[in-house]
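Tertiary structure, described
What follows is the residue order along each chain.
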Amino acid sequence: MKELRSSSQILFSHLPAQTVDIQGRIWKVDAWTNPVTVPVDTDAIRRRLLSAIDIWRTQNTDNNLSADLHAGRPVEVIGVNPDQGVKVDAFPSVWRCGTCRRIRNQRGRCECGSSSWRQMHFVAFHDCGWVDAPFVPRCPTHGQVAVRHSSSSSVRELDFHCPVCNRSLPSGLGGGRPCPACHQPSVVVNVHRAASVYTAHSFTMVNPARPEQLRALLADGGKDKCLRWVLADMPTDRPASQAPTRQSLLDTLIGQGLDPAVAQLAADSAAAGGGLADAPSPLPLQPAVRDTAETGALEIALAMYEGRRRASDLPSDPVGDDLRTLYQHRYPPAIDAAGLLGVDHVDRFPVLRAVYGYTRGGKPAGETRLVAFTGRGRTVRLHGEANETEALYLRLDPVRVAAWLHQRGLLPAAPADLPAARLAVLNAATIPARGDDDRQRTAGSAVLTLLHSYAHRFIRQLAVLAGLDRESLAEYLVPEHLGVFIYASNRGDFVLGGLQSVFETELDRVLDLQLEAETRCPLDPGCDRASGACLACLHIGEPSCSYYNRFLDRKMLFGDHGYLRQDRT
């Protein structure tokens, strides 16, 4: 049997233990056959995975995955082998006669003489990850069973009886019984393709298309070089190379796999020989803040390694008078009014989408047990796809964010100059983890909620303006630097170049919508009194959202002292 699917379809709908429809039958995915290894920075993958599963860790439903990762459990990322594909098994092995509706576990000639069989489309599952064929009761006298109304998708509507004596048999297909795997109660039965049966969980991260890009950025200044470049508002296409200092040389040698003790000796030798530059003046950042800021800056530098176009540079493009007028007189005030420092277009945004596990039960992330994929030797196996797409990079104005935090009593002072405002926000705003309480009132939670709400509203307005499927857009937050990448996802219908077209001709319109479109929710006042965000106003699909639709609130944008309030003081 051979069926063709795109790599993105396989990534999201042909994962281990997932059921699929192929050629009119139901199958369960066993594994990707002889998968290819996706080159990644394993340390970065580990950090990103720990961040993604934090919401399960805090609710003790991660099956000890966080502890295993901290203990050094190996992590690998695999991609589908286009020549060998995916191995699937027929499942479930419950068949219904197309003539008399008898149910059997094997096909063959039916007692009624027919040989026409169809699979029952129900499965039994438990939130521990177990899935199997449902329990079908049989007549204790004749050992047979048939079903009326077999096309129903509701378990309650299935009417079982003995086709010999017409005796009524129990319904429910075993729902509610203990799980055979973990022996806990509440097995559930549903249609195999129901969302509650299998929910894949994934994350995205910036992944360099070529490993040498990461090595180049880590050399000659390393992460410090990237951080200073971002703090200066990225004045050049890439962070400029710096003469190596002792620390940057040490970071480079260790990053290349050299033993730390040997790297120390090499750095000491180079310093003694006078071949190293003096370290630049230290940035006034706390150590933990600096480490987080450097990691975020490296991600931004990697994302823009192949170049970017800045909205502020568009007036110098060789364009007609109409576009030049647009770039000079409409874009700057629209960007400023929308509370942004700038907007960039990145046409080769290197993104890795990795699926790390699944849950059963259909509840929000963290409320049911996470089942992680494993490979040989108990490695944590991530199923991924790396590609390059296009993105818009939006960055909030640090001076305005500092003033907004000060108004809310979360920053002692509001610096009026850009460098001081950047540093003040960085030092004050410790960004919460994904599993943290989103109701805590801190500078970090306020910054994250502001940026996240801004990004979701922008995605929704952009989809309306450009006529795009909202699910074809996704976000990648860099909250430490008040930035977010809005990129074209490979899951929806999206023609590459769509974001470029908006960037070149309609950026002012989408920013105007960000300010002027309806700010109320159709479900107000209930939504406003609850979290201030719901499916009707700010939520987007989980694969497109970095924080599981948490840390969202319209009031951050348009409430009292809202960041986008036109009458704010």
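Residues numbered from 1 in each chain as written. Predicted model: local features only at pLDDT ≥ 70, side-chain atom pairs only at ≥ 80, totals over all residues. Heavy atoms only, no water.

Remarks on the overall build of the chain
What counts is decided by this rule: Per the convention used, a helix needs a DSSP run of H or I reaching at least four residues, while a strand needs a run of E reaching at least two, with both numbered from the N terminus. Here's how the labels work: a residue is buried when its accessible area is under 20% of the maximum for its type, exposed when over 50%, partly exposed in between, all with a 1.4 Å probe on protein chains only. In what follows, a contact means two residues having at least one pair of non-hydrogen atoms within 4.5 Å. For accessible areas, the Shrake-Rupley method is used with a probe of radius 1.4 Å. Any residue's cover is judged against the shown protein chains and nothing else.
Helices and strands together make up the secondary structure of the chain, namely 17 helices and 20 strands. Considering only C-alpha atoms, the chain reaches an extent of 90 × 60 × 45 Å along its principal axes. When the 569 residues of the chain are sorted by exposure, 51% land in the buried category. Counting contacts in the chain only where the partners sit at least 6 residues apart, residues at least 24 apart contribute 70% of the total. Carbon and sulfur atoms provide 49% of the accessible area of the chain, an area that totals close to 25500 Å².

Points about helix α11 (residues 398-407)
Where we set the bar: Residues adjacent in sequence count toward polar contacts only when both atoms are side-chain atoms; beyond that, a polar contact is any pair of N or O atoms within 3.5 Å, and within protein one must be able to donate a hydrogen and the other to accept it.
Taken together, the buried positions of α11 are occupied by P398, R400, V401, A402, W404 and L405. At its buried positions, α11 is contacted by α10 (321-337), β16 (340-359), β18 (380-396), α12 (418-428), α13 (443-466) and α17 (555-558). Among the residues of α11, the N-terminal cap falls to D397, whose side-chain oxygen and the backbone nitrogen of V399 are separated by 3.0 Å. Looking one or two places after α11, you find G409, whose phi comes out positive at around 75 degrees.

Examining the sheet that holds strand β6 (residues 95-97)
For the record, the criterion: Should DSSP find at least two bridges between two strands, the strands are taken to pair.
Read from one edge to the other, the open sheet built from 3 strands follows the order β7-β6-β8, with strand pairing classed as antiparallel. Each of the sheet's edge strands pairs with one partner strand only, and the pair in question is β7 (103-104) and β8 (117-119). Examined bridge by bridge, β6 and β8 share 3 bridges and lie antiparallel to one another. Paired with C97 across the two strands is W117, which belongs to β8.

Looking at the packing of helix α5 (residues 211-218) against helix α6 (residues 222-231)
Formally: Axis definition: a line fitted to C-alpha atoms, over the contacting stretch in the case of helices. Angles run 0 to 180 degrees between N-to-C directions. Orientation categories follow fixed angle ranges, with anything under 35 degrees roughly parallel, anything over 145 roughly antiparallel, 65 to 115 roughly perpendicular, and all other angles oblique.
Look at α5 against α6: their axes get within 6 Å of each other, and the N-to-C directions meet at 80 degrees. Considering their axes alone, α5 and α6 lie roughly perpendicular with respect to each other. Residues A216, L217 and L218 of α5 pack against G222, K223, K225 and C226 of α6.

Describing the sheet that holds strand β13 (residues 188-191)
On the basis of which strands lie adjacent, the open sheet formed by 3 strands has the order β10-β9-β13 and antiparallel pairing. Edge positions in the sheet fall to β10 (131-132) and β13, since each of these pairs with one other strand and no more. As paired elements, strand β9 (residues 122-125) and β13 share 4 bridges and run antiparallel to each other. Across the sheet, residue F122 finds its bridge partner in β13, namely V191.

Describing the side chain of K225
Assignment of secondary structure puts K225 in helix α6. Given the relative accessible area of 3%, K225 is considered buried. Of note is the side chain of K225, whose polar atom sits 3.2 Å from the backbone oxygen of L217.

Some details on the packing of aromatic side chains
Put simply, the test is: Here is the rule: rings of Phe, Tyr and Trp (six-membered ring for Trp) pair when centre to centre is within 6.5 Å. Planes less than 30 degrees apart are stacked, more than 60 are edge-to-face, and the remainder are tilted. The criterion is that NZ of a Lys, or CZ of an Arg, lies within 6 Å of the ring centre and within 35 degrees of the ring normal, and then a charge sits over that ring.
Considering all chains together, one arrives at 12 aromatic pairs under this definition. Taking 6.4 Å as the distance between ring centres and 90 degrees as the angle between the ring planes, the aromatic pair formed by W404 and Y563 counts as edge-to-face. Taken together, the positions of W404 in helix α11 and Y563 in the segment after α17 put the pair 159 residues apart, joining distant regions of the chain. For the residue pair W404 and Y563, the accessibility class agrees, reading buried in each case. An aromatic cluster of at least three residues, connected via ring pairs, comprises F349, Y393, Y476, F485 and Y487. Of note, K28 hangs over the ring of F91, and the distance from its end group to the ring centre comes to 4.8 Å. Here the basic side chain of R400 rests over the ring of Y563, its NZ or CZ set 4.8 Å away from the ring centre.

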